[in-house]
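# Coordinate inspection notes
Chain by chain, the residues:
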Amino acid sequence: MDWTHYRFRSLWTLSAAPAIVYEALERAEEYPRWWPQVREVTRLDETTGIIRIRSLLPYDLRFTARETRRDRAAGVLEIAMSGDIDGWARWTITAVDTGTLARYEQVVDVHKPLLRRFAVPGRPLFRANHRLMMRAGRRGLAARLEAV
């Protein structure tokens, strides 16, 4: 097993319409306004930016995100990531009876030296840290969508 390889999946049920959720998620530069752990997003051009995240554990992750798919009709937003983490992440937005299901999938390899050094003993903490970040993101987006 490669202890620095991660697969994550989160499901967010939101009361807003799929088009509204999609529009909020496609504006990554606004994530820091509603997602506390996304500390900074710096646009480099129309499809690329540098993102800095930090959850509960005392370390930042920095990576370049490059848009690889933006398909409003299919409800898909996908990026490739390189830097402290390499891999991809995808949002898939679908309608459900109560509003929207936003499915987040991520597959990454960790390159940040500190996290690689503690890959085996730290893995449960790193996974819990990610869960906390995703939970806060869902709450932040839900609150933002209700305020709009």
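The notes below deal with the structure included here.

Rules and cut-offs
- The residue count restarts for each chain, going from 1 along the sequence in the order it is written.
- Restriction of local features to residues with pLDDT of at least 70 applies here, the model being predicted, together with a cutoff of 80 or more for giving and counting side-chain atom pairs; totals for whole chains, interfaces and linings are based on all residues.
- Side-chain numbers here rest on the full set of heavy atoms in the structure, without hydrogens or water.
- Like-charged residues within 9 Å of one another, or nonpolar side chains (Val, Leu, Ile, Met, Phe, Trp, Tyr) within 5 Å, are grouped into patches, provided each residue has over 30% relative accessible area and no salt bridge.
- In these tables, accessible area is a Shrake-Rupley quantity obtained with a 1.4 Å probe, and a residue counts as shielded only by the protein chains included in the view.
- A pair is scored as a salt bridge if a Lys or Arg side-chain nitrogen falls within 4 Å of a carboxyl oxygen belonging to Asp or Glu.
- Only DSSP runs of H or I with at least four residues qualify as helices, and only runs of E with at least two residues qualify as strands; both kinds are numbered from the N terminus onward.
- The pairing criterion is simple: DSSP has to find at least two bridges between the two strands.
- Axis angles are defined between N-to-C directions and span 0 to 180 degrees, where every axis is a line fitted to C-alpha atoms and, for a helix, only to the segment in contact.
- In what follows, a contact means two residues having at least one pair of non-hydrogen atoms within 4.5 Å.

### Observations regarding a nonpolar patch on the surface
Side chains of Met1, Trp3 and Val120 sit close together on the surface and give an oily, nonpolar patch of about 350 Å² of accessible area. The residue Met1 is located in the segment before β1 (5-14) in this model.

### Things to note about the sheet that holds strand β2 (residues 38-43)
Strand order across the open sheet formed by seven strands is β1-β7-β6-β5-β4-β3-β2, with antiparallel pairing between neighbours. The outermost strands of the open sheet, each flanked by one partner alone, are β1 and β2. Taking each pair of neighbouring strands and ignoring which way they run, the sheet shows an average axis angle of 20°. Of the pairings in the sheet, the one linking β1 to strand β7 (residues 99-110) comprises 10 bridges and is antiparallel in character. Paired with Arg7 across the strands is Val107, a residue of β7. Sheet strands touched by helix α1 (residues 18-26): β1, β2, β4 (61-71), β5 (76-83), β6 (85-96) and β7. Its angle to β6, the strand with the most contacts, is close to 160°.

### Regarding the environment of Ala102
Relative to the helices and strands, Ala102 is located in strand β7. Between the alpha carbons of Ala102 and Val76 there is a distance of 9.7 Å; along the sequence they are 26 residues apart. When near neighbours in sequence (up to four residues on either side) are disregarded, Ala102 contacts Ser10, Leu11, Trp12, Leu14, Val21, Leu25, Trp91, Thr92 and Ile93.

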